[in-house]
Amino acid sequence: MSYDFRLISGRAPTFAEPLPVGQLYFPQWPRYVAAMRGIFDRHYYTNHGPLVQKLEEELARFLKVKHVICVTNATIGLMMVADALRLTGKVIVPSYTFVATAQSLKWCGLTPVFCDIDPESQQIDIDAAALLIDQEVSAILAVNLWGDACDTGALQALADANGISLYFDSAHAFGVAIENVPIAGFGRAEVFSFHATKVLSAGEGGCVTTNDDNVAARLRNIRSSYGAGPTVPVVKTSNGRMSEAQAAIALMSLDDYPSIQARNKALFDAYSQNLAVIPGIRLLHPKNVSASNYQYATCTIEPVEFGLARDQLLQLLEAENILARRYFYPGTHRSAGFDGNAEAVAARLPMTERICDISFQLPLGARLDVSDVEKICALIARAQREAPQISQFMARDGVCE
Ligand code: T4K
């Protein structure tokens, strides 16, 4: 049998270079050089420099929020917020997120209580969260995933009814809006990541947003042991300062955001059109929002309908240099440091367990165009059509258990 799959035929991969999931949109070289030269000429590299201040102002305008506190990365931003909100005891958090979300709680001596997700949107299941609230819970840390968002109104109502705090890990949600209100001003604070793989990139970086003056003042003091602005009493300080180089890259990325978003949308639409006709594959569409960054092509696979398991498909694609990946795997409740009671916790997270097994990301970003998306989808369609023979080959050659 002649096969069109590199894994089986041994021919050259469809793509000469690997196509990873998180693809950097980097500024044009001359702009980059000019920005770095400015820093060099000013002799000012960090500690709330002019570019960080400019970035905070521009972000506050773009996100329509009162305070923006730029930080080294989102992980430290999440740790700072947990401290600034003076949380105690337990915090409800989805297990289906990057491990940094729950780690931030651990660093603050808080206990994460893992909550299930809604399988359709993969956002936190609010009914499940309600059942987890007890006397020791001081907050809900919800995660706005995949350029979509949680039902922030229902979450706020739940938090208010129980007298607890609500805040958001919005690492994936820059540029997202609910009924034209940007993600940034919901809950008591929100945290964004500007990691290289995010839609707004500083290489490394992030910011905390809030409309609460007191929380903002505390955050500015926690950010740096020799903080900026009026000193307010805080329990601990740290070094979460953003450097001028990070701010320079983020400012260029912010300028480019409209074109990046439009490009992402074109790629997302191409995936949507081409995947819609393949049985057993579903592309997640941002549902709860009026604007999305379209940074993520998140799919689920139904193995019986498609004919192959998720990991079999990923192996086929990897051989073609398409580095599709499982992203959050396993769920945080099964990750090192949180897995002490994994089976018992898993029993109340059936949707998280299921989504961890069937969800994956396809590449989307600067390094591919619509014709590449069509090629990727054609390979997936062929995998589905020839699934029985591929399965047989994989079982015989021990390619995938
Ligand atoms: N909350 C959520 C929901 C998050 O997803 C994250 C981070 C956080 C909080 C914490 O945010 P930060 O503290 O990181 O700001 C990545 C990122 O490190 C992390 O930012 C991200 N989420 C997480 C889900 O994934 P890796 O290990 O997968 O990324 P990495 O560096 O291997 O990059 C993936 C691919 O992207 C590479 O194979 C190639 C491409 N890439 C990467 C970099 C760094 C480039 O093309 N250029 C690059 O410079 O962790």
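Preceding this paragraph is the structure being described.
Residues numbered from 1 in each chain as written. Predicted model: local features only at pLDDT ≥ 70, side-chain atom pairs only at ≥ 80, totals over all residues. Heavy atoms only, no water.

What to know about the pattern of salt bridges
(1) Moving on: Enumeration according to the criterion identifies 18 salt bridges in this entry.
(2) Moving on: Linking Asp256 and Arg31 is a salt bridge whose minimum nitrogen-to-oxygen distance equals 3.1 Å. Here Arg31 lies in helix 2 (residues 29–42) and Asp256 lies in helix 9 (residues 244–275), a separation of 225 residues in the sequence.
(3) Moving on: Arg31 sits in the partly exposed class, given a relative accessible area of 30%.
(4) Moving on: A salt bridge links Glu353 to Arg334; the nearest nitrogen and oxygen atoms lie 2.9 Å apart. You can see Glu353 sitting in helix 13 (residues 350–358) and its partner Arg334 sitting in the loop between strand 13 (322–323) and helix 12 (342–347), a full 19 residues away along the chain.
(5) Moving on: Arg334 sits in the partly exposed class, given a relative accessible area of 28%.
(6) Moving on: A network of salt bridges, in which partner residues are shared, links Asp4, Arg11, Glu320, Arg382 and Glu386. (Salt bridge = Lys/Arg side-chain N within 4 Å of Asp/Glu carboxyl O. Helix = DSSP H or I, 4+ residues; strand = E, 2+ residues; numbered from the N terminus. Buried < 20%, exposed > 50% of the residue type's maximum accessible area, 1.4 Å probe, protein only.)

Here we look at the nonpolar core
A general tendency of soluble globular proteins is for nonpolar side chains to be buried together.
(1) Moving on: Counting 108 residues, the largest nonpolar core has Leu59, Phe174, Tyr271, Leu275, Leu362 and Ile380 as its most contacted members.
(2) Moving on: In terms of residues, this core owes the most to one element, helix 9, which gives 13 residues.
(3) Moving on: When residues no more than four places from it in sequence are discounted, the contact partners of Leu362 are Val21, Tyr271, Leu275, Ala297, Cys299, Leu317, Ala324, Ile376 and Ile380.
(4) Moving on: One finds Val71, Leu78, Leu85 and Phe114 within the second-largest nonpolar core, a separate group that totals 31 residues. (Core = buried A, V, L, I, M, F, W, Y, C linked by side-chain atoms within 4.5 Å. Contact = heavy atoms within 4.5 Å.)

Observations regarding the site of the ligand
(1) Moving on: Within the structure, the ligand sits among 22 residues, and Gly22, Thr75, Asp169, Ser193 and Arg367 are positioned closest to it.
(2) Moving on: One nitrogen or oxygen atom from the side chain of Lys198 is found 2.9 Å from a nitrogen atom belonging to the ligand.
(3) Moving on: For the ligand, whose accessible area on its own is 910 Å², the fraction buried by protein is 72%.
(4) Moving on: Counting atoms within 2 Å of the grid points, the majority share of the ligand lands in the largest pocket.
(5) Moving on: When contributions to the shell around the ligand are tallied by element, the ones reaching two or more residues are helix 4 (74–84) and helix 5 (99–107).
(6) Moving on: When the residues that make up the shell around the ligand are grouped by side-chain class, the tally is eight nonpolar, ten polar and four charged. (Near = heavy atom within 4 Å. Polar contact = N/O pair within 3.5 Å; in protein donor to acceptor, adjacent residues only side chain to side chain. Areas by Shrake-Rupley, 256 points an atom, 1.4 Å probe, with all protein chains shown as cover. 1 Å grid on protein atoms, 1.4 Å probe; cavity = no way out; pocket = protein on both sides within 12 Å on 5 of 7 lines; lining within 4 Å. Sits in = over half its atoms within 2 Å of the grid points. Nonpolar A, V, L, I, M, F, W, Y, C, P; charged D, E, K, R; others polar.)

Brief notes about the pairing of strand 14 (residues 359–362)
(1) Moving on: Alternating residues of strand 14 divide into Ser359 and Gln361 and Phe360 and Leu362, and every residue in both groups is buried.
(2) Moving on: Inspection of the sheet shows strand 12 (residues 297–301) paired to strand 14 by four bridges, in the antiparallel sense. Its bridge partner being in strand 14, Ala297 is matched across the sheet by Leu362. (Pairing = 2+ DSSP bridges.)

Points about the layout of surface pockets
(1) Moving on: Taken as a whole, the largest pocket spans an internal volume of roughly 610 Å³.
(2) Moving on: In terms of lining residues, the largest pocket is bounded by 38 residues, among which Phe98, His172, Thr197, Lys198 and Tyr327 are the most central.
(3) Moving on: Secondary structure elements with two or more residues in the lining of the largest pocket: helix 4, helix 5 and strand 14.
(4) Moving on: Classifying every residue of the lining of the largest pocket by side-chain character gives 18 nonpolar, 16 polar and four charged. (Points joined across faces, edges and corners; volume = space filled by probe spheres on them.)

Quick look at the environment of Cys70
(1) Moving on: The residue Cys70 is located in strand 2 (residues 67–71) in this model.
(2) Moving on: Residue Cys70 is classed as buried on the basis of its relative accessible area, which comes to 0%.
(3) Moving on: Residues within four places of Cys70 in sequence aside, it is in contact with Val52, Leu55, Glu56, Leu59, Gly206, Cys207, Arg223, Gly240 and Met242.

Considering the packing of aromatic side chains
(1) Moving on: Applying the stated criterion across every chain, the model contains 16 aromatic pairs.
(2) Moving on: Between Phe174 and Tyr257 the ring centres are 5.6 Å apart and the planes differ by 85°, which places this aromatic pair in the edge-to-face class. With a gap of 83 residues between them, Phe174 in the loop between strand 6 (165–169) and strand 7 (177–178) and Tyr257 in helix 9 connect regions that are remote in the sequence. No difference in accessibility class separates Phe174 from Tyr257, as the two residues are buried.
(3) Moving on: Residues Tyr327 and Phe328 carry aromatic rings whose centres are separated by 4.9 Å and whose planes lie at 75° to one another, so their mutual orientation is edge-to-face. The same class applies to Tyr327 as to Phe328, namely buried.
(4) Moving on: Site record: aromatic cluster; members linked through ring pairs are Phe62, Phe174, Phe192, Phe194 and Tyr257.
(5) Moving on: One residue, Lys106, lies across the ring of Phe338, its end atom 4.7 Å from the ring centre. (Phe/Tyr/Trp six-rings, centres within 6.5 Å; stacked < 30°, edge-to-face > 60°. Lys NZ or Arg CZ within 6 Å of the ring centre and 35° of its normal.)

Section: the sheet that holds strand 14
(1) Moving on: Strand order in the open sheet formed by three strands is 11-12-14, with antiparallel pairing between adjacent strands. Of all the strands in the sheet, just strand 11 (281–283) and strand 14 have a single pairing partner and so form its edges. Averaged over all neighbouring strand pairs, the angle between strand axes comes to 35°, with direction disregarded.
(2) Moving on: With three bridges connecting them, strand 11 and strand 12 associate as antiparallel partners. Its bridge partner being in strand 12, Leu283 is matched across the sheet by Cys299.
(3) Moving on: Contacting strand 11, strand 12 and strand 14, helix 9 crosses the sheet at an angle of about 155° to strand 11. (Axes fitted to C-alpha atoms, helices over the stretch in contact; angles between N-to-C directions.)

Nothing here speaks to function; it is geometry throughout.
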